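Residues per chain are reported as follows:
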Amino acid sequence: MSAKIYRPAKTAMQSGKAKTHLWVLEFDQEQPRRIDPILGYTSSGDMKQQLRLTFETREQAEAYAKREGIEYRVVEPKEPVRQVVSYTDNFRFNRSQPWTH
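Basis of the calculations
- Residues numbered from 1 in each chain as written.
- Predicted model: local features only at pLDDT ≥ 70, side-chain atom pairs only at ≥ 80, totals over all residues.
- Heavy atoms only, no water.
- UniProt positions renumbered as here; feature names shortened; annotations may be inferred.
- Pairing = 2+ DSSP bridges.
- Helix = DSSP H or I, 4+ residues; strand = E, 2+ residues; numbered from the N terminus.
- Axes fitted to C-alpha atoms, helices over the stretch in contact; angles between N-to-C directions.
- Contact = heavy atoms within 4.5 Å.
- Buried < 20%, exposed > 50% of the residue type's maximum accessible area, 1.4 Å probe, protein only.
- Arc of directions from axis to C-beta.
- Phe/Tyr/Trp six-rings, centres within 6.5 Å; stacked < 30°, edge-to-face > 60°.
- Lys, Arg positive; Asp, Glu negative; His and termini not counted.
- Salt bridge = Lys/Arg side-chain N within 4 Å of Asp/Glu carboxyl O.
- Polar contact = N/O pair within 3.5 Å; in protein donor to acceptor, adjacent residues only side chain to side chain.
- 1 Å grid on protein atoms, 1.4 Å probe; cavity = no way out; pocket = protein on both sides within 12 Å on 5 of 7 lines; lining within 4 Å.
- Points joined across faces, edges and corners; volume = space filled by probe spheres on them.
- Nonpolar A, V, L, I, M, F, W, Y, C, P; charged D, E, K, R; others polar.

For the chain, the name recorded in an unreviewed UniProt entry is ETC complex I subunit, with Rhizobium puerariae as its organism. Here is the UniProt Subcellular location (unreviewed entry) comment for the chain, exactly as written: "Membrane".

The following block contains the structure:
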């Protein structure tokens, strides 16, 4: 039984950072998924894959995994790189590409 501990990134559908400050522990897949031959649904008998535990800090998540005897790996979060863009740069005289409609 192994798990992944990570801090989720914000989704593309939101502009804020809601639910990105918590650390998540998710179990890895133990059984392969299979396709139902009649309906074509993908299913699995692995119930631990449905669990998603959240923690306030990384240390709490690691302590839980150690206490329960779960092998885990930590995925460090990447901080987004923001580019400073100014609206007035669109109308600069020495712009590399001409401004067109």
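So much for the structure itself; the text now carries on.
Describe the sheet that holds strand S1 (residues 2-6), naming the residues involved and giving the relevant values.
The strand order across the open sheet built from 4 strands is S5-S2-S1-S6, with neighbouring strands paired in mixed fashion. The open sheet has two edge strands with one neighbour each: strand S5 (52-55) and strand S6 (71-75). Neighbour-to-neighbour, the strand axes of this sheet turn through a mean angle of 25 degrees, independent of strand direction. Those strands touched by helix H1 (residues 58-68) are S1, strand S2 (23-27), S5 and S6, and its axis lies near 165 degrees from that of S6.

Go over H1, please, and point to the residues and values.
Every α-helical turn comprises 3.6 residues, leaving residues that sit three or four positions apart pointing alike. Among the residues of H1, those classed as buried are Ala-61, Glu-62 and Ala-65. Around the axis of H1, the buried residues are gathered within 95 degrees of arc, so they sit on the same side. When the buried face of H1 is taken as reference, the exposed residues oriented beyond 90 degrees from it are Glu-59 and Arg-67. The inward-facing, buried residues of H1 contact S1, S2, S5 and S6. Gly-69 sits one or two residues past H1 and shows a positive phi near 75 degrees.

Give me the packing of aromatic side chains: which residues, what numbers.
Using the criterion set out here, one finds 1 aromatic pair in the structure. An angle of 40 degrees between the planes, with centres 5.6 Å apart, marks the rings of Phe-55 and Tyr-64 as tilted. Under the relative-accessibility criterion, Tyr-64 is labelled partly exposed at 22%.

Before we move on, can you summarise the side chain of Asp-46 with the specific residues and values?
Within the element layout of this structure, Asp-46 appears in the loop between strand S4 (42-43) and S5. Buried charge Asp-46 goes without a salt bridge, the closest partner of opposite sign being Lys-48 at 6.7 Å. One polar contact links the side chain of Asp-46 to the main-chain amide nitrogen of Glu-30, over a distance of 3.0 Å. In this structure the side chain of Asp-46 is engaged in a polar contact, spanning 3.5 Å, whose partner is the backbone nitrogen of Lys-48.

I'd like to hear about the layout of surface pockets, residue by residue, with values.
Of the volumes computed, that of the largest pocket is approximately 400 Å³. For the largest pocket, the lining is made up of 15 residues, of which Pro-8, Ala-9, Lys-10, Lys-78 and Pro-80 are closest to its centre. Tallied by class, residues from the lining of the largest pocket come to 6 nonpolar, 2 polar and 7 charged.

Explain the environment of Lys-78 to me, using residue names and the numbers behind them.
Looking at where Lys-78 falls in the secondary structure, it is placed in the segment after S6. Overall, the relative accessible area of 80% leaves Lys-78 in the exposed class. Each C-alpha atom of the pair Lys-78 and Leu-39 lies 40 Å from the other, and the pair is 39 residues apart in sequence.

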